[in-house]
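Here's the letter readout for the chains.
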Amino acid sequence: MNALVPLPVLLPLCATGLSLAFGTRLARFQRFISVAVLSVVLCLSVALMIAADRQGPLSVHLGDFAPPLGITLVADRLAGLMLTVSSAVTLAVLVYSLGQGMADRDKETPVAVFHPAYLILVAGVSLTFIAGDLVNLYVGFEIMLVASFVLLTLGGTGPRIRAGSTYVIISLFSSMLFLTAIAMTYAAAGTANLAQLAVRLPDLPLGVQTLVQAMLLTVFAIKAAVFPLAAWLPDSYPTAPAPVTAVFAGLLTKVGVYCMLRVETLLFPGNRLGDLLMIVALASMIVGILGAVAQTDLKRLFSFTLISHIGYMVFGIGLATRDAYGGAIFYVAHHITVQTTLFLVAGLIERRGGTNELTRLGGLARAAPLLAVLFFVPAMNFAGIPPLSGFIGKLGLMRAGVADGGVLAWILVAGATVTSLLTLYVMAKIWNLAFWRTEPPGQAAYGTVLETADDSDDGDADTGPDRIPGTGDEGVGPPRAPAGRQPAATLQGQAVTTTIRPPAAMTAATAGAVVLGLAFTVLAGPLTAFTDRSAAELIARRPYVEEVLGR
C-alpha cells in the first residue's frame with residue numbers, strides 16, 4: 001500500500017505530458033485523459049485514507065534514500081482526507097469546465113493549455129498534502145503557483161493579467177519568506193525533514209523555535225488568506241473564469257490551513273502562539289464577513305466570506321486541543337466542498353442572468369428553479385443551519401472553545417456566533433436580490449454578450465442592455481448589446497452569451513458538488529469520528545515520526 005503514496009502526484013504529471021502532446025488536435029482525447037486521471041486519483045485517495053485509518057501513517061522514501069537525503073512522502077489520516085476531498089472537488093470542477101468550454105466553443109489556444117495547467121495544479125496540491133519535508137512542501141507551493149498564474153490569466157484580458165500579477169507578486173514574496181525560513185531551519189537543526197525536525201526542534205533555543213514558527217505561520221497565513229494578509233484575494237479571484245475561481249477559493253486557501261495545522265501539531269506542539277492565532281482568527285471572521293455584507297458583486301461577496309470562514313479553522317488551530325483540532329479538520333473538509341459549490345453556482349447565475357451584480361439580478365427562483373435549489377442548499381449549509389454539516393463543524397469548534405474556558409476563547413465563541421448570523425444574512429441577501437424579487441427592468445436579455453475580448457479595458461460607454469419582455473421597455477437599445485463589463489464567464493476571455501438553460505455538464509457538476517456537501521451531513525457520525533482520530537494522531541506525533549524514521 002505504501003507504493004500508492006506517490007501516485008496522486010505522479011499520475012497528473014504524466015497525464016500533463018500526454019495532454020500537451022495531443023493538444024487541440026485530439027480535444028476529446030485530451031478531455032478524456034483529464035477526467036480519467038482525476039477519477040483514478042480520487043480512487044487512490046480514498047484507498048490511502050482507508051489504509052491510513054486502519055494501519056496508521058504510510059510513507060515512501062523515493063530512491064530508497066533515508067532522511068534527510070531522500071524525498072519522503074507521508075500519508076496519514078489528515079493527508080488522506082485532504083487528498084480525498086480535494087480530488088472529488090477538482091474532478092467536479094473539471095467536469096464543470098468541460099461543459100463550459102464546449103458550450104462556448106473554446107477550441108483554440110490559450111484554452112489548449114487549460115487541461116495541462118489544471119493537472120499540474122492538482123499535482124502540486126497533492127504534493128503539499130503528502131510532503132514529508134519542508135523543501136518538497138515548498139516545491140508543491142511553486143508548482144501550484146506556476147499553474148495558478150496560467151489559469152488566472154487565461155485569455156489574456158486586462159483584468160485577468162492585473163489580477164494574476166498581484167497574485168504572483170504576493171506568492172513570490174511568500175515564497176522568498178518560505179525559503180528563508182527553510183534555510184534558517186536547516187542551519188539550526190541540520191535537516192528539513194518534518195519527522196526529524198519534530199525530534200530536534202525541542203532542543204533548540206526557545207527564541208530560534210519561536211522565530212522559525214512565526215515565519216512559517218506567516219507564509220502559510222498568506223497562502224490561507226488570513227487577515228491581515230488577505231487583501232490580495234478579493235481582487236485576484238473574481239476576475240478568473242468560474243471553474244478556476246471555484247477551485248482556487250475552495251481548495252488552494254485550505255492548503256495554507258493544512259500546512260498551519262501540520263506544523264503547529266508536529267513541529268511546535270507547545271502552542272506558544274495560540275493566543276495570536278485566536279486574535280487573527282477573530283479578526284478574519286469579523287472583517288471578512290463585514291466586507292461580504294458591503295458587497296453587491298456575487299464573486300467578490302463570496303471572496304470575503306472565504307476570508308471570514310478561514311477564521312473558524314484558525315480558531316481551532318489556536319485552541320490546540322483534541323476537540324478543536326477535530327472540529328477544524330471537519331470544517332476544512334466541509335468548507336472546501338461548500339465554498340467550491342457556491343462559486344460554481346455563481347458561474348451558473350452569471351450565465352443565466354448575464355451578470356454577477358446582485359442589483360441587476362432578480363426573478364431567478366421562478367425563471368430557473370433548479371438553479372435556485374442548487375444555490376439554496378449550499379447557502380444554508382454555509383450559513384450553518386441545523387442539521388447541515390456547516391452547523392456540525394461550527395458547533396464542534398464552539399464546544400471546544402467553551403471547554404477551554406479562557407476569556408479569549410469565549411470571545412472567539414461570541415465572534416463565531418456573530419459571524420455565523422451575518423453569514424446567514426448575506427446568504428438571505430443574495431436569495432432576496434437574485435432569486436426572490438421580480439426581475440429588474442435593466443436585467444440583460446437572453447443571448448446578450450457578457451464580455452468581448454476588447455470591452456474589458458476601454459472606457460467606451462455601453463449602448464445599453466436589451467430589456468426584459470413585459471417591462472414596457474421592449475426593443476430599447478440594439479439587439480445583443482453588452483450586458484455590462486463583468487469578467488467573462490468563458491475560459492478564454494472571449495464573447496459568451498447568456499442561456500436559458502446552462503450546459504448539462506455544468507449543472508450536473510454543480511449538483512454533484514451539492515450532493516457531496518450533503519454527504520458530510522449524512523455521514524457526519526463516521527466523519528466526526530474519523531476527524532477525532534486524525535486529531536488524536538496529530539497530537540500524539542509518535543505514529544508519524546516512527547513511520548518515517550523507523551523508530
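Draft legend 1. Broad picture of the overall build of the chain. Check the secondary structure of the chain and you find 20 helices and two strands. For the chain, contacts bridging at least 24 residues in sequence account for 81% of all contacts bridging at least 6. Carbon together with sulfur atoms contributes 68% to the accessible area of the chain, which is approximately 19400 Å² in total.

Draft legend 2. Examining unusual backbone geometry more closely. Put simply, Phe227 and Pro228 share a cis peptide bond, and its omega is 10 degrees. Within the secondary structure, Pro228 sits in the loop between α8 (206–224) and α9 (233–236). In this structure, Ala225 is a non-glycine residue whose phi angle is positive, near 60 degrees. Here Ala225 lies in the loop between α8 and α9. Unlike most non-glycine residues, Arg541 shows phi in positive territory, near 65 degrees. Here Arg541 lies in the loop between α19 (524–540) and α20 (542–549).

Draft legend 3. Here's a closer look at empty space enclosed by the protein. The full count for this structure, using the stated rule, is eight cavities of 30 Å³ or more. Elements with a contribution of two residues or more to the lining of the largest cavity: α5 (134–152), α6 (158–189), α8 and α10 (242–266). Quantified by volume, the second largest cavity comes out at close to 60 Å³. Lining the second largest cavity we find Thr128, Ala131, Leu137, Leu194, Tyr258, Cys259, Arg262 and Val263. Looking at the lining of the second largest cavity element by element, the count peaks at four residues for α10.

Draft legend 4. Local environment of the pattern of salt bridges. Under the criterion given, the structure shown has eight salt bridges. The salt bridge involving Arg77 is made with Asp53; its shortest N-O contact spans 2.7 Å. With Arg77 in helix α3 (residues 77–103) and Asp53 in helix α2 (residues 27–55), the pair connects residues that are 24 residues apart, well separated along the chain. According to the relative accessible area criterion, Arg77 is buried, its value standing at 14%. In this structure, Asp235 and Arg300 form a salt bridge, with 2.8 Å as the shortest nitrogen-oxygen distance. Taken together, the residues Asp235 in helix α9 and Arg300 in helix α12 (residues 298–319) connect sequence positions 65 residues apart.

Draft legend 5. Expanded view of the nonpolar core. In this structure, Phe178, Phe220, Phe302, Phe375 and Met427 are the most contacted members of the largest nonpolar core, which totals 172 residues. Ranked by residue count, the leading element in this core is helix α13 (residues 322–353), at 17 residues. With residues near it in sequence (within four places) discarded, Phe302 still touches Gln339, Leu342, Phe343, Ala346, Phe375, Met427 and Ile430.

Draft legend 6. Region of the structure containing the layout of surface pockets. In this structure, the largest pocket spans a volume of roughly 400 Å³. Taken together, 16 residues make up the lining of the largest pocket; nearest its centre are Met49, Leu81, Thr84, Leu523 and Leu527. Put simply, the parts of the chain that give the lining of the largest pocket at least two residues each are α2, α3, α18 (504–522) and α19.

Draft legend 7. Spotlight on the packing of aromatic side chains. Counted according to the given criterion, the structure contains 16 aromatic pairs. An aromatic cluster is defined as three or more aromatic residues linked by ring pairs; in this entry it consists of Phe375, Phe376, Trp431, Phe435 and Trp436. Stacked on the ring of Phe141, the Lys or Arg Lys223 has its end atom at 5.0 Å from the ring centre.

Draft legend 8. Inspection of the side chain of Lys254 at higher detail. Considering the arrangement of structural elements, one finds Lys254 in helix α10. Those residues within four positions of Lys254 in sequence are excluded, and the remaining contacts are Met82, Ala249, Leu306, Ile310, Met313, Val332, His335 and Ile336.

Draft legend 9. Up close: α18. The end-to-end C-alpha distance of α18 is 26 Å, a good match for the 27 Å that 19 residues give at a rise of 1.5 Å each. Within α18, the full set of buried residues consists of Met506, Thr507, Ala509, Thr510, Ala513, Val514, Gly517, Phe520 and Thr521.

Draft legend 10. Geometry of α5. Its 19 residues place the ends of α5 26 Å apart at the C-alpha level, agreeing with the 27 Å of an ideal helix rising 1.5 Å per residue. One side-chain oxygen of the residue at the start of α5 lies 3.1 Å from the amide nitrogen of Val135, identifying that residue as Asp133.

Draft legend 11. How the structure looks around the packing of helix α15 (residues 369–383) against helix α17 (residues 407–436). Relative orientation of the contacting elements α15 and α17 amounts to 170 degrees, with a least axis distance of 9 Å. Comparing the axis directions of α15 and α17 gives the class roughly antiparallel. By crossing handedness, the relation of α15 to α17 is classed as left-handed. For the pair α15 and α17, the contacting residues are Leu371, Ala372, Phe375, Phe376, Ala379, Met380, Phe382 and Ala383 in the first and Ser420, Thr423, Leu424, Met427, Ile430, Trp431 and Phe435 in the second. By residue class, the composition of the contact of α15 with α17 is 13 nonpolar, two polar and no charged.

Draft legend 12. Inspection of the packing of α13 against α15 at higher detail. Two elements in contact, α13 and α15, have axes whose closest approach is 9 Å; the angle formed by their N-to-C orientations is 150 degrees. If you check the angle between α13 and α15, you find them roughly antiparallel. As α13 packs across α15, the resulting crossing turns out to be left-handed. For the pair α13 and α15, the contacting residues are Tyr331, His334, His335, Val338, Gln339, Thr341, Leu342, Val345, Leu348, Ile349 and Arg352 in the first and Leu371, Leu374, Phe375, Pro378, Ala379, Asn381 and Phe382 in the second. Its residues assigned to classes, the contact of α13 with α15 comprises twelve nonpolar, five polar and one charged.

Draft legend 13. How the structure looks around the environment of Gly396. Tracing the backbone through its elements, the reader meets Gly396 in helix α16 (residues 389–404). It is 9.6 Å that separates the C-alpha atoms of Gly396 and Tyr325, two residues lying 71 residues apart in sequence.

Draft legend 14. Structural view of the environment of Leu276. Looking at the secondary structure, you find Leu276 in helix α11 (residues 274–293). Sequence-wise, Leu276 and Gly318 are 42 residues apart; in three dimensions their C-alpha atoms are separated by 7.7 Å.

Draft legend 15. Summary view of the confidence of the model for the chain. In this model, the chain carries a mean pLDDT of 83, and residues with pLDDT of at least 70 account for 85%. Scored below 50 in pLDDT, residues 102–110 shows 17 contacts in the model against residues more than four places distant or in partner chains. Note that residues 451–489 has pLDDT below 50 and, in this model, 94 contacts with residues that lie over four places away or in other chains.

Draft legend 16. Quick look at the environment of Val293. Mapped onto the elements, Val293 comes out in helix α11. Each C-alpha atom of the pair Val293 and Met427 lies 9.6 Å from the other, and the pair is 134 residues apart in sequence. Among all residues touching Val293, those that are not within four sequence positions of it are Tyr425, Val426 and Lys429.

Cut-offs used in this document
- Residues numbered from 1 in each chain as written.
- Predicted model: local features only at pLDDT ≥ 70, side-chain atom pairs only at ≥ 80, totals over all residues.
- Heavy atoms only, no water.
- Helix = DSSP H or I, 4+ residues; strand = E, 2+ residues; numbered from the N terminus.
- Contact = heavy atoms within 4.5 Å.
- Areas by Shrake-Rupley, 256 points an atom, 1.4 Å probe, with all protein chains shown as cover.
- 1 Å grid on protein atoms, 1.4 Å probe; cavity = no way out; pocket = protein on both sides within 12 Å on 5 of 7 lines; lining within 4 Å.
- Points joined across faces, edges and corners; volume = space filled by probe spheres on them.
- Salt bridge = Lys/Arg side-chain N within 4 Å of Asp/Glu carboxyl O.
- Buried < 20%, exposed > 50% of the residue type's maximum accessible area, 1.4 Å probe, protein only.
- Core = buried A, V, L, I, M, F, W, Y, C linked by side-chain atoms within 4.5 Å.
- Phe/Tyr/Trp six-rings, centres within 6.5 Å; stacked < 30°, edge-to-face > 60°.
- Lys NZ or Arg CZ within 6 Å of the ring centre and 35° of its normal.
- Expected span 1.5 Å × (residues − 1).
- Polar contact = N/O pair within 3.5 Å; in protein donor to acceptor, adjacent residues only side chain to side chain.
- Axes fitted to C-alpha atoms, helices over the stretch in contact; angles between N-to-C directions.
- Parallel < 35°, antiparallel > 145°, perpendicular 65-115°, else oblique.
- Left-handed = near helix turned anticlockwise from the far one by under 90°.
- Nonpolar A, V, L, I, M, F, W, Y, C, P; charged D, E, K, R; others polar.
- pLDDT = per-residue confidence, 0-100.

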